[in-house]
Amino acid sequence: MQETKPVIILLGPQGSGKGTQGKRLAQKLDLPYLETGQLLRDEIASGSELGNRFASIINSGWHLEDEDINAFMKDTIHQTLVQFGGFALDGFPRSIGQADASDSVALPSHVILIDIPDEESIRRLSARRQCSVDGKIYNMITNPPKQGEVCDECGAKLIQRADDTKEGIQKRLDWYHKDTKPLIERYAKQGVLHRIDGTPSIQEVEKSVDKIFS
Ligand SMILES: [Zn+2]
């Protein structure tokens with residue numbers, strides 16, 4: 001008999017640290033970590049027909065509709081499930097239509113919402129800096145470079161991304177809330193939602209996440 005592995009979906013606003021927590025959790029539970037943005041970038045880099053279609057949609061404004069992404073993600077989830085028996089999934093689903101798609105392949109055993117208030121998202125994202133040469137991401141609050149505002153790797157100047165203004169961040173948060181609220185309600189009804197306060201330190205949040213599985 002094969003042991004049943006968890007099927008985990010991570011939710012949370014930008015700056016909540018859900019990526020960091022998701023990666024750590026997946027490693028501890030010996031699960032593959034599916035980061036949707038990276039999967040899309042990999043597909044685009046492969047030069048496949050689908051990848052080219054993603055690229056043209058994304059280049060025109062970074063918003064994939066359900067019909068663009070659902071078949072690709074269902075396929076990915078299915079293959080991962082067959083190969084590994086479980087996974088931790090970040091960045092999908094982002095709508096009820098997408099949740100229908102992922103549920104049709106695998107019902108989540110745990111949905112972990114790492115929650116922080118909008119003000120905290122804005123505070124953290126305003127502190128985000130990017131290397132002007134190699135694109136490495138830093139955060140002056142949570143992940144500062146070793147010295148000043150220069151890249152640890154290459155010594156180049158760190159810059160703030162143009163869309164990391166207070167207004168830009170708030171606009172993305174408004175979209176996030178609109179998209180995510182129905183998902184939160186859905187997973188609460190399914191009895192699989194775990195809401196974690198993402199405000200404390202990475203280590204504190206990690207302890208709260210670990211408790212779900214202990
Ligand atoms: Zn650099």
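Residues numbered from 1 in each chain as written. Predicted model: local features only at pLDDT ≥ 70, side-chain atom pairs only at ≥ 80, totals over all residues. Heavy atoms only, no water.

### Remarks on the sheet that holds strand β8 (residues 193-197)
Sheets are built from strands paired through backbone hydrogen bonds, the pairs being either parallel or antiparallel. Note the threshold: By this definition, two strands are paired if DSSP reports at least two bridges between them. By the criteria applied, helices consist of DSSP H or I runs no shorter than four residues and strands consist of E runs no shorter than two, each listed in order from the N terminus. For helices, the axis comes from a line fit to the C-alpha atoms of the stretch in contact; other axes are also lines fit to C-alpha atoms, and the angle between any two N-to-C directions lies between 0 and 180 degrees.
Ordered in space as β2-β3-β1-β4-β8, the five strands form an open sheet in which the pairing is parallel. The open sheet is flanked by β2 (33-35) and β8, the only strands paired with a single partner. Taking each pair of neighbouring strands and ignoring which way they run, the sheet shows an average axis angle of 20°. Relative to β8, strand β4 (residues 110-115) runs parallel, the two being bridged by five bridges.

### Description of the side chain of Q98
Counted only if it meets this: Any pair of N or O atoms that falls within 3.5 Å is considered a polar contact. Within protein, one atom must be able to donate a hydrogen and the other to accept it, and sequence-neighbouring residues count only if both atoms are side-chain atoms.
Within the fold, Q98 resides in helix α5 (residues 96-105). In terms of polar contacts, Q98 uses its side chain to reach the side chain of D66, at 3.1 Å.

### Brief notes about the coordination of the zinc ion
As a reminder of what qualifies: Donor criterion used throughout: N, O or S atom within 2.8 Å of the metal, extended to 3.2 Å for Na, K and Ca. Water excluded; incomplete-looking sites may result. Buried means the residue's accessible area, taken with a 1.4 Å probe over protein chains only, is under 20% of the maximum for its type, while exposed means over 50%, and partly exposed covers the values in between.
The protein atoms that coordinate the zinc ion are C131 (SG), D134 (OD), D134 (OD), C151 (SG) and C154 (SG), at distances of 2.2 to 2.8 Å. Sequence spacing of the donors to the zinc ion: C-x2-D-x16-C-x2-C. Taken together, the residues span a long stretch of sequence, with C131 in strand β5 (residues 128-131) and C151 in the loop between β6 (137-139) and β7 (158-159) at a distance of 20 residues. The pair formed by C131 and C151 is uniform in burial state, with each residue classed as buried.

### A short note on the nonpolar core
The condition that has to hold: Grouping buried Ala, Val, Leu, Ile, Met, Phe, Trp, Tyr and Cys residues that are joined through side-chain atoms within 4.5 Å yields what is termed a nonpolar core.
Core analysis: the largest hydrophobic core is formed by 26 residues, its most contacted members being L11, L64, M73, F87, L89 and Y187. Those elements that place two or more of their residues in this core are β1 (7-11), α2 (36-45), α3 (49-59), α4 (66-84), β3 (87-90), β4 and α7 (166-189). By size, the runner-up hydrophobic cluster in this structure holds 12 residues, among which are L31, A88, I196 and I212.

### Some words on the sheet that holds β7
On the basis of which strands lie adjacent, the open sheet formed by three strands has the order β6-β5-β7 and antiparallel pairing. Looking at which strands have only one partner, the edges of the open sheet turn out to be β6 and β7. Sheet analysis places β5 next to β6, joined by three bridges and oriented antiparallel. Its bridge partner being in β6, Q130 is matched across the sheet by I137.

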